[in-house]
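Structure at a glance
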Amino acid sequence: MKNSVSNINVSFASLLEKRDEVAYETLFRLYYIKLIHIAKSYLIYQEDAEEVVQDVFLKLWEQKSKFKTISNINGYMFSMTKNMCLDKLRHEKIKRKFIDNNLRVKAGIQYDFIKDEAASLLLESELEQRIMKSIDLLPEKCRQVFIKSRMEGLKHQEIADELGISHRTVENHVSKAIKHMKLHLKDFLTIFL
């Protein structure tokens, strides 16, 4: 019995080495379902198992020179299937690790951005409140001139004409308001300097 298996292996090997298509087709019919079962025992999805088995047969077709050294086609094909399944699992593990790392890095960047964005919005809101309080503390005429100059964007001569005061008075009010604002906003100015 052992000799007949050995003879079958030798004849298959010689036919495969010659790229005999009938030998490949026979091998395919004999082993396809068995190899699928082996692959399924390693892999979760049927499609992955089928892909591995197809790769086994493709590799078998491409490596005709190895058939001289194969004494047990059965064991060779089972080993090849097992090894290709393990390679696929290793590849999937590396791919998953890479994707997980990328997702972690992206999540960290997004978290930092949101955290920084939230901090910026809080700081901006606080600064705006402080500016409005500082403006409210200015004397009436000075406040009017400063608002027209810095918030409404009017030129000094336009402010002078509108309020009926001299150009020089407008400059003095703006200068006084800026000094006042610097004093009241000094805590915020150190953040930006």
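This text gives an overview of the structure that appears in the document.

**Examining the overall build of the protein**
Per the secondary structure count, the protein includes eight helices and zero strands. Reading the protein from its N end, one meets helices and strands in the order α-α-α-α-α-α-α-α. Sorting the 193 residues of the protein into buried and exposed places 25% on the buried side. A separation threshold of at least 6 residues defines the contact pool for the protein, and within that pool the share at least 24 residues apart is 60%.

**So, the pattern of salt bridges**
Applying the stated rule across the entire model yields eight salt bridges. In this structure, Arg90 and Asp87 form a salt bridge, with 2.6 Å as the shortest nitrogen-oxygen distance. Of this pair, Arg90 and Asp87 are both found in helix H4 (residues 73-137), three residues apart, which corresponds to roughly one turn of the helix. With a relative accessible area of 43%, Asp87 lands in the partly exposed category. Arg168 serves as the salt-bridge partner of Glu171, at 3.3 Å between the closest nitrogen and oxygen. Highlighted residues: Glu171 and Arg168, both in helix H7 (residues 167-184), separated by three residues, approximately one helical turn. The exposure class assigned to Glu171 is partly exposed, which follows from its relative accessible area of 28%. When salt bridges with common partners are traced through the structure, they connect Lys148, Glu152 and Glu162 into a single cluster.

**As for the nonpolar core**
If you look at the biggest cluster of nonpolar residues, it comprises 19 residues, and the most contacted ones within it are Tyr31, Leu35, Val53, Phe57, Leu60 and Met77. Secondary-structure elements contributing two or more residues to this core are helix H2 (21-42), helix H3 (46-62) and H4. In terms of residue count, the dominant contributor to this core is H2 (seven residues). Discounting chain neighbours no more than four positions away, the residues touching Phe57 are Leu27, Phe28, Tyr31, Tyr32, Leu35 and Met77.

**Overview of the packing of aromatic side chains**
By the definition in use, this model includes three aromatic pairs. Ring centres of Tyr31 and Phe78 lie 6.2 Å apart, and the angle between their planes is 75°; this geometry places the pair in the edge-to-face category. With Tyr31 in helix H2 and Phe78 in helix H4, the pair connects residues that are 47 residues apart, well separated along the chain. Of the residues examined, Tyr31 reaches a relative accessible area of 10% and is grouped as buried. Through a chain of ring-to-ring contacts, the aromatic side chains of Phe28, Tyr32 and Phe57 assemble into a single cluster.

What counts, and at which threshold
- The numbering scheme is per chain: residues are counted from 1 as the chain's sequence reads.
- Local features in this predicted model are restricted to residues whose pLDDT is 70 or higher, and side-chain atom pairs enter the listing and the counts only when it is 80 or higher, whereas totals over whole chains, interfaces and linings include all residues.
- Derived side-chain values reflect all non-hydrogen atoms in the structure, with water molecules and hydrogen atoms excluded from consideration.
- Secondary structure elements follow DSSP: runs of H or I of four or more residues count as helices, runs of E of two or more count as strands, with numbering from the N terminus.
- The buried label goes to any residue with under 20% of its type's maximum accessible area, the exposed label to any with over 50%, and the partly exposed label to all in between, with areas taken from a 1.4 Å probe on protein chains only.
- In this description, contact between two residues means that some pair of their heavy atoms is separated by no more than 4.5 Å.
- Here, a salt bridge means any side-chain nitrogen of Lys or Arg that lies within 4 Å of a carboxyl oxygen of Asp or Glu.
- Buried Ala, Val, Leu, Ile, Met, Phe, Trp, Tyr and Cys residues that are joined via side-chain atoms within 4.5 Å together make up what is termed a nonpolar core.
- Only centres within 6.5 Å qualify two rings of Phe, Tyr or Trp (six-membered ring in Trp) as a pair; their planes then separate them into stacked at under 30 degrees, edge-to-face at over 60, and tilted for everything else.

Read these as layout, nothing more, since geometry by itself doesn't imply function.
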